[in-house]
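If you want the building blocks of each chain, they are given just below.
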Amino acid sequence: MERLFPTHEVRTVRECAPIWKLTTLDEGGLPSPEKVTVPLAWEAHPALRCYKGRGVYEQQIRCGGNVRIRLLGVSFRAKVFLDEELLCEHYGAYTAFEGLARDVLPGMHTLRVEVDNRFGDDSALHVSNDYYTYGGITRPVMIEEISRACITACHVTPRRKGDAWEAKVDVTVRHFSSREQKGTLSVQIGSHMLDTDITLAPDSTVHCSVILPCPHVQPWAPEDPKLYQVRTELIIGENVVDDLLDRTGFREIRTEGKEILLNGTPLRLRGFNRHEEYGSFGTSVPLSAMMQDLMLMRDLGANCVRTCHYPNDPLFLDLCDEMGMLVWEESHVRGFSEEKMRHPLFMPQLLQCTREMVEQHMNHPSIFVWGSLNECADDTEYGAKCYREIFRLLRDLDPSRPVTAALLERPGSRVFRDCDIVSINIYPRWYHDTPVRDALEKKIEECRRGGGEDRPLIVSEIGAGAIYGFHDPFAASKWSEERQCKILEEQITSVLSHPGVSGIFLWQFADVRVDEGWFASRPRSYNNKGVVDEYRRPKLAYQTVKDLYHTL
Ligand code: ADA
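Enquirer: Looking at this model, I keep getting lost on the layout of surface pockets. Mind explaining?
Expert: Using a probe with the size of a water molecule, rolled over the atoms, empty space left in the structure can be pinpointed. Taken as a whole, the largest pocket spans an internal volume of roughly 770 Å³. Lining the largest pocket are 33 residues, with Arg70, Glu98, Thr152, Glu359 and Gln360 sitting closest to its centre. Sorting the residues of the lining of the largest pocket by element identifies strand S4 (54-71), strand S7 (85-91), strand S8 (97-116), strand S11 (149-161), strand S19 (239-248) and helix H4 (346-361) as the ones contributing at least two each. Here the lining of the largest pocket gets five residues from one element, more than from any other, and that element is S11. Residue classes in the lining of the largest pocket are distributed as 12 nonpolar, nine polar and 12 charged. Its volume calculated, the second largest pocket comes out at about 290 Å³. If you trace the second largest pocket, you find 15 residues lining it, with His155, Asp170, Met362, Asp396 and Leu397 closest to the centre. Of all elements in the fold, only S11, strand S12 (164-175), H4 and helix H5 (381-397) reach the threshold of two or more residues within the lining of the second largest pocket. For the lining of the second largest pocket, the residue count by class is five nonpolar, five polar and five charged. Two domains each put at least three residues into the lining of the second largest pocket: domain 2 (149-248) and domain 3 (253-551).

In structure tokens, the structure reads:
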């Protein structure tokens, strides 16, 4: 399933059948090809639990005409072939991409996807890290048969005009015909509709921007997340030749002084960092498990979630839109030194991931802030330059949302004044025994000196580890559930009672698997700071957080 709603009524589109043949090519793989389902991280197969290598997926599909194959997530290098024709290549596990085959003879064809999840010199973002890099086709594959023109994007930016709303709608159409055609683009949001003439030059990509007044809509808000269908149709002559359906919600996010305002009301954020991962399913999380995560977070009293440290499945974002859960979405990078940031492919790959994230997800009303560059070298001149370049791209692509980055606890950041919201990661009482209040004050003072005092401040990470089931009520030693409770209590209380802080994202919602290289500080080869374990079994801290999030 691609989204929670149909995305086309005119275009012929279907999801690939779930069974594929998987052949692995490297040591530690399968002895012979096997049937697997897609989507699935291949680590779900007991023989591939630690496999880093190449895998070839094959399936026979029936299709014809102009065939667009869209892959919503492949971890993390992909080459896609229809019969023997290479349709596209892609790097990066967490965003969608597509390839087009033109004038395909109607009938059966072989779809082949070559996947590779080995780290290597050509990969600057996917490196051994404090989370696991899975392999395989981890999100659905869609087959589309398109006509001579196809709507490839429709970006909606809701804008508040006093008490009323309008939508800026930017549509992109790809035209394949060799002769010019004239048509009409029709955009409908709820009961509001607008038609615009459009000229499609031969074999071209055409952009069209309209403002649609929407006087009769209700705003989207966490407590009442009202959503509207966005229907875009391309009409040529008498025929609707293509369509694209999406959703939007009317809300305005801006910052004013130290406040983050949603439709003019200051936000107080109580949330979680969540890796897109579930037990042995790895990063290919079933819809029901996504829903359960959101129900648990809501039960815990959270109103926001951070998609650390990469863009998430649109299905999860759809659920957040539905449930009024605010989202900090960020592009893919975690904890890079200047040396790693100087990898020649670092900026090209990060810019690509950032661009794909915004272009693919910007219609989700739940996303209230874009982030990137978690804990990188923001204290060096070169590092700060990279932050500024990514912020510039985010603002160019979407001027309607603030930008931020979760900054290191280490002092010396040069980018406080480049962030619309200053976000800090601190681990007092876990990595060092400083009282939480002192650690927070120290960071706030540093932020003031760095020119960031006039903007909102979020504690984007804070937390402590516990191994599920390890109890030590008397000594409350490190890794015990009792110790985690104690620390989280002080952390949450100190942060949420501080008048200068707009919110907190606890590190983290659930335990996650880490790469083997991290074993020394990560018992079980897991990052154990979840308030639930990887199977969502609550630790003692669950109740502590719940009590505090519901009362503070
Ligand atoms: C950092 C980082 C997280 C995680 C955390 C921890 O803040 O952003 O990904 O590694 O530390 O558990 O120490």
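Enquirer: Could you clarify how one ought to interpret the site of the ligand in this entry?
Expert: Taken together, the neighbourhood of the ligand is formed by 13 residues, with Asp130, His309, Tyr431, Glu461 and Lys529 sitting nearest. Side-chain polar atom of Asp130 to an oxygen atom of the ligand: 2.4 Å apart, as the coordinates give it. Relative to its unbound accessible area of 320 Å², the ligand is 96% covered by the protein chains. Grouping the amino acids of the shell around the ligand by side-chain chemistry returns three nonpolar, four polar and six charged.

Enquirer: What exactly am I supposed to notice about the sheet that holds strand S18 (residues 228-236) here?
Expert: Backbone-to-backbone hydrogen bonds join strands into a sheet, with any given pair of strands oriented parallel or antiparallel. The strand order across the open sheet formed by four strands is S14-S13-S18-S19, and the pairing between neighbours is antiparallel. The open sheet terminates on both sides in strands that have one partner only, identified here as strand S14 (192-200) and S19. Adjacent strand axes in the sheet meet at a mean angle of 15 degrees, parallel and antiparallel pairs treated alike. Of the pairings in the sheet, the one linking strand S13 (residues 181-189) to S14 comprises nine bridges and is antiparallel in character. Its bridge partner being in S14, Thr184 is matched across the sheet by Asp197.

Enquirer: Mind showing me how you'd approach the nonpolar core here?
Expert: A general feature of soluble globular proteins is that nonpolar side chains tend to end up buried together. Membership of the largest hydrophobic core comes to 86 residues, with the highest contact counts inside it found for Phe272, Met341, Phe346, Leu373, Tyr387, Leu506 and Val545. When residues of this core are assigned to their parent elements, the largest contribution, nine residues, is made by H5. A domain split of this core shows at least three residues from each of domain 1 (12-144) and domain 3 (253-551).

Enquirer: Before we go on, may I ask you to explain the sheet that holds S12 in this structure?
Expert: On the basis of which strands lie adjacent, the open sheet formed by three strands has the order S11-S12-S15 and antiparallel pairing. Only two strands of the sheet have a single partner each, and these edge strands are S11 and strand S15 (204-214). Looking at each pair of strands side by side, their axes are set apart by 15 degrees on average, direction ignored. With 11 bridges joining them, S12 and S15 adopt antiparallel strand pairing. Bridge pairing links Arg174 to Thr205 in S15.

Enquirer: Can you walk me through unusual backbone geometry in this structure?
Expert: Most peptide bonds take the trans configuration, and most residues that are not glycine carry a negative phi. Following Val38, the chain continues to Pro39 via a peptide bond in cis, the omega torsion being 5 degrees. As for its position among the elements, Pro39 is in the loop between strand S3 (34-37) and S4. Following Ser75, the chain continues to Phe76 via a peptide bond in cis, the omega torsion being -5 degrees. Its location among the elements puts Phe76 in the loop between strand S5 (74-75) and strand S6 (77-82). In the Ramachandran plot, Leu373 falls in the positive-phi region, its phi being about 55 degrees despite a non-glycine side chain. With respect to the secondary-structure elements, Leu373 resides in the loop between strand S26 (367-371) and H5. For Leu373, a relative accessible area of 0% puts it in the buried group. Positioned with a positive phi, Ser525 is a non-glycine residue whose angle comes to about 60 degrees. Along the polypeptide, Ser525 turns up in the loop between strand S32 (512-513) and strand S33 (526-527).

Enquirer: Where do I start with the domain arrangement of the chain in this structure?
Expert: The extent of an interface is frequently quoted as the accessible surface area lost upon association of the parts. When cut into domains, the chain gives domain 1 (12-144), domain 2 (149-248) and domain 3 (253-551). When each unit is reduced to the centre of its C-alpha atoms, the spacing between domain 2 and domain 3 is 34 Å. For the pair domain 2 and domain 3, the two sides together bury roughly 1,400 Å², of which 54% comes from carbon and sulfur. When the buried surface of domain 2 facing domain 3 is broken down by residue, His155, Trp220 and Arg247 rank first, second and third, together holding 44% of it. Where domain 2 meets domain 3, there are two salt bridges. Measuring nitrogen to oxygen at the nearest pair gives 2.5 Å for the salt bridge that ties Arg247 to Glu322. Summed over the shared surface of domain 2 and domain 3, the result is eight residue pairs in polar contact (both at pLDDT 80 or more).

Enquirer: Help me out: how do you make sense of the side chain of His126 in this one?
Expert: Looking at where His126 falls in the secondary structure, it is placed in the loop between S8 and strand S9 (136-137). On the basis of relative accessibility, which here comes to 1%, the residue His126 falls in the buried class. Reaching out from His126, the side chain makes a polar contact with the backbone nitrogen of Ala93 at a distance of 3.2 Å. Among all residues touching His126, those that are not within four sequence positions of it are Phe76, Tyr91, Gly92, Ala93, Tyr94, Phe119, Thr133 and His332.

Enquirer: Whenever I open this one, the pairing of strand S29 (residues 422-425) confuses me. Can you help?
Expert: Within a regular strand, side chains alternate between the sheet's two faces. Where burial is concerned, the two faces of S29 agree: the one with Val422 and Ile424 and the one with Ser423 and Asn425 are both buried. Here S29 pairs with strand S30 (residues 457-461) via four bridges, running parallel. The partner of Asn425 across the bridge, within S30, is Glu461. Between S29 and its parallel partner S30, the chain crosses via helix H6 (residues 436-449), and the hand of that crossover is right-handed.

Conventions we followed
Residues numbered from 1 in each chain as written. Predicted model: local features only at pLDDT ≥ 70, side-chain atom pairs only at ≥ 80, totals over all residues. Heavy atoms only, no water. 1 Å grid on protein atoms, 1.4 Å probe; cavity = no way out; pocket = protein on both sides within 12 Å on 5 of 7 lines; lining within 4 Å. Points joined across faces, edges and corners; volume = space filled by probe spheres on them. Helix = DSSP H or I, 4+ residues; strand = E, 2+ residues; numbered from the N terminus. Nonpolar A, V, L, I, M, F, W, Y, C, P; charged D, E, K, R; others polar. Domains from an automatic or database assignment. Near = heavy atom within 4 Å. Polar contact = N/O pair within 3.5 Å; in protein donor to acceptor, adjacent residues only side chain to side chain. Areas by Shrake-Rupley, 256 points an atom, 1.4 Å probe, with all protein chains shown as cover. Pairing = 2+ DSSP bridges. Axes fitted to C-alpha atoms, helices over the stretch in contact; angles between N-to-C directions. Core = buried A, V, L, I, M, F, W, Y, C linked by side-chain atoms within 4.5 Å. Buried < 20%, exposed > 50% of the residue type's maximum accessible area, 1.4 Å probe, protein only. Buried area = accessible area lost by both parts, 1.4 Å probe. Salt bridge = Lys/Arg side-chain N within 4 Å of Asp/Glu carboxyl O. Contact = heavy atoms within 4.5 Å. Right-handed = clockwise from strand over helix to strand, strands pointing away.

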